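Chain by chain, the residues:
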Amino acid sequence: MKQALKSPLYSNKLKGISVKSLKDLSKMPFTTKQDLLSSYPYGSLAVELNELRLILSSSGTTGTPILTFYTEKDYELWMERLVRNLRLIGIGKGDLFVNTSNQGLFTGRGYTDAAPLAGAVLIPVGPASPEKHLKIMAELGVTSFHAIPSFTVKMANIAKDTGLTEKLKLRKAILGAESWSDATRKRIEEGLNIDTYDNYGVAELGGPGIAIECPAKDGLHVWADHYFIEVIDPETGEQLSIGEEGELVITTLTREAMPLIRYRTGDIVELMPSECSCGLKTPKISRIKGRLDEMIKVRGIGLYPKAIDEVISSIPELTGEYQIILSNLDDITVRAEVRKGVKAINELKNTLKSKIKEVTMLNVNVELVEEGAIVYQGKARRVIDLRRL
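To keep things clear, this report deals only with the structure shown in the data block. Just so we're clear, the structure is a prediction, and the values are computed from it rather than from any experiment. (Residues numbered from 1 in each chain as written. Predicted model: local features only at pLDDT ≥ 70, side-chain atom pairs only at ≥ 80, totals over all residues. Heavy atoms only, no water.)

1. Notes on the overall build of the protein chain
Of the regular secondary structure elements, the protein chain holds 9 helices and 20 strands. Taking 2.2 N^0.38 as the reference for a compact globule, 389 residues should give roughly 21 Å; the C-alpha atoms of the protein chain span a radius of gyration of 21 Å, in line with that estimate. Summarising its shape, the C-alpha atoms of the protein chain cover approximately 65 × 55 × 40 Å along the three principal directions. By the burial criterion, 53% of the 389 residues in the protein chain qualify as buried. With 51 positive and 50 negative side-chain charges, the protein chain shows a separation of 2 Å between the mean positions of the two kinds. (Helix = DSSP H or I, 4+ residues; strand = E, 2+ residues; numbered from the N terminus. Rg over C-alpha atoms; globule rule 2.2 N^0.38 Å. Buried < 20%, exposed > 50% of the residue type's maximum accessible area, 1.4 Å probe, protein only. Lys, Arg positive; Asp, Glu negative; His and termini not counted. Charge placed at Lys NZ, Arg CZ, Asp CG, Glu CD.)

Right under this line is the structure:
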């Protein structure tokens, strides 16, 4: 808190509030994305500009990007957490590692620097098409990589279609920055013959390195020496208990440049028991179930895109790419890509419509498009709300 008070954001927000320990944290107000947007560009900065090593930002997928700042110490601790992530899932000495993520302002770039620190050999391919990454992976014998799930699905589809799967030497992939379903995991692991792990990060909280799956894949371990977590009822703000589902709230414990207190991430998780067969006894959260700002309200029913993702990824005739289009008052259309060579389009359309209704209780319109028709840059844009236009 002492460090946070050095920023204009908290010198105003916490005026008159006294906190002696983490037990008193619930007395403090939440910090929101709007607080950070209102403080743009440097209102959340708790050090002088000349003390910074690095400035990155969020992707801006859901709106205006938010800056995130690192001092030299922040950067070193970030690398330490990313190395923990890699080593926990078995990436290190003997691995050839590629970071497929954009190396610009995206915090996923951190794995480019962390992989050599974990003992892996880095191949700095940089931004490239799925085809180019697969070519390099096959030719050079790449064994591990970092990517966003939607990009990895494209690679898995191409590998399977072109017979590359058996030629690849891939062992492990660390995926994040998007919510992805178990069906998507299955599609990726089969297409690339690889073991995948979910990792969690938020750009404004320092990027990836907050939580990671272990080989048991029973929830994500939170690095509690750097982050204090709460799960709250998003409507009342009340703290929830183990086994309950709500919004993840995070307080940074070691950041110098941009400490955040009780930051509402907007991510929906379940708080899990800390015991794990891997031996770690850290706080644990479930994989992300959805985002508050992604929840679609249609005919009185709340729908997260992840439910649609689960259905679409389970149908092999589809590529896994999709969009949810909202129009008029309550019309919903699911647009999905069909893999090349599929003929029974009407039957496939009916199957998809039926499975979505079974999972969501919603009757939706289904539009099937050819492979490659759904295009976006960076993170997948799953929801297009024409009702707001």
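2. A few points about the pairing of strand 6 (residues 172–175)
Within a regular strand, the side chains alternate between the two sheet faces. Along strand 6, one buried face is formed by Lys172 and Ile174 and the opposite face, lined by Ala173 and Leu175, is buried too. The pairing of strand 5 (residues 144–147) with strand 6 spans 4 bridges and is classified as parallel. Paired with Phe145 across the two strands is Ala173, which belongs to strand 6. Assessed by its sense of winding, the connection that carries the chain from strand 5 through helix 6 (residues 149–162) to strand 6 is right-handed. Bridge analysis of strand 6 against strand 7 (residues 195–202) gives 4 bridges, and the strand direction is parallel. (Pairing = 2+ DSSP bridges. Right-handed = clockwise from strand over helix to strand, strands pointing away.)

3. A look at the nonpolar core
Counting 35 residues, the largest nonpolar core has Tyr200, Leu205, Ile210, Leu248, Ile250 and Ile285 as its most contacted members. Among the nonpolar cores identified, the runner-up in size contains 23 residues, and Ile123, Val142, Leu168 and Ile188 belong to it. (Core = buried A, V, L, I, M, F, W, Y, C linked by side-chain atoms within 4.5 Å.)

4. Things to note about the pairing of strand 7
Of all 8 residues making up strand 7, 6 are buried, and the element is well covered by its neighbours. Relative to strand 8 (residues 207–213), strand 7 runs antiparallel, the two sharing 4 bridges. Counterpart to Asn199 in the pairing with strand 8 is Ile212. Linking strand 7 to strand 8, which pair antiparallel, is a turn of 4 residues; within it Gly206 sits at a positive phi near 115°.

5. A closer look at the packing of aromatic side chains
As enumerated under the stated definition, the model contains 3 aromatic pairs in all. Taking the centre distance of 4.7 Å and the plane angle of 25° together, the rings of Tyr70 and Trp78 count as stacked. Exposure remark for Tyr70: the relative accessible area of 1% places this residue in the buried category. Plain terms: the ring middles of Tyr75 and Trp78 are 6.0 Å apart, the flat faces sit at 75° to each other, and that makes the pair edge-to-face. Taken together, the positions of Tyr75 and Trp78, both in helix 3 (residues 72–88) and 3 residues apart, correspond to about one turn of that helix. (Phe/Tyr/Trp six-rings, centres within 6.5 Å; stacked < 30°, edge-to-face > 60°.)

6. Side note on the sheet that holds strand 20 (residues 383–385)
Spatially, 4 strands are ordered 19-18-17-20 in an open sheet, and the strand pairing comes out mixed. The open sheet is flanked by strand 19 (365–370) and strand 20, the only strands paired with a single partner. Each strand axis lies, on average, 20° off the axis of its neighbour in the sheet, ignoring direction. In this structure, strand 17 (residues 318–327) lies alongside strand 20, joined through 3 bridges in parallel fashion. (Axes fitted to C-alpha atoms, helices over the stretch in contact; angles between N-to-C directions.)

7. Describing the environment of Ile66
Here Ile66 is to be found in the loop between strand 1 (52–57) and strand 2 (67–71). In this structure, the C-alpha to C-alpha distance between Ile66 and Ser181, residues 115 residues apart in sequence, is 26 Å.

8. A few points about the side chain of Ser150
For Ser150, the location among the structural elements is in helix 6. For Ser150, a relative accessible area of 4% corresponds to the buried category. In this view, Ser150 contacts Glu178, Glu321, Tyr376, Ala380 and Arg382; residues no more than four positions away in its chain are not counted. (Contact = heavy atoms within 4.5 Å.)

9. Section: the state of the cysteines
Note on terminology: disulfide describes a covalent bond linking the sulfur atoms of two cysteines. Applying the stated rule across the entire model yields 0 disulfides. Cysteine Cys214 shares no disulfide, and the gap to the nearest cysteine sulfur, in Cys276, comes to 3.6 Å. Owing to a relative accessible area of 1%, Cys214 belongs among the buried residues under this scheme. Cys278 carries a free sulfur, and the closest cysteine sulfur to it, the one in Cys276, is 3.6 Å from it. Taking the relative accessible area as the measure of exposure, Cys278 reaches 35% and is therefore partly exposed. (Disulfide = S-S within 2.5 Å.)

10. Some thoughts on helix 8 (residues 305–313)
Owing to its 3.6 residues per turn, the α-helix brings residues three or four apart onto one side. Three or more residues of helix 8 are buried, namely Pro305, Ile308, Asp309, Val311, Ile312 and Ser313. Looking at the buried residues of helix 8, the elements they touch are helix 7 (182–192), strand 16 (301–303), strand 17, strand 18 (331–338), helix 9 (345–360) and strand 20.

11. A short note on the environment of Ser354
Secondary-structure assignment places Ser354 in helix 9. Look at Ser354 and you get partly exposed, because its relative accessible area is 44%. Placed 10 residues apart in sequence, Ser354 and Val364 show a C-alpha to C-alpha distance of 9.2 Å.

12. Observations concerning the pattern of salt bridges
Under the defined criterion, the tally for this structure stands at 23 salt bridges. Notably, a salt bridge pairs Asp95 with Arg171, separated by 2.8 Å at the nearest N-O pair. Of the two residues, Asp95 is situated in the loop between helix 3 and strand 3 (96–99) and Arg171 in the loop between helix 6 and strand 6; the sequence distance between them amounts to 76 residues. Here Arg291 ties to Asp267 by a salt bridge, and the two come within 2.8 Å at their closest N and O atoms. Taken together, the residues Arg291 in strand 14 (residues 290–291) and Asp267 in strand 12 (residues 263–272) connect sequence positions 24 residues apart. When its relative accessible area of 6% is taken as the criterion, Asp267 is described as buried. A cluster of three or more residues bridged by salt bridges with shared partners is formed by Lys172, Glu189, Asp195 and Lys217. (Salt bridge = Lys/Arg side-chain N within 4 Å of Asp/Glu carboxyl O.)

None of this, on its own, says anything about what the molecule does.
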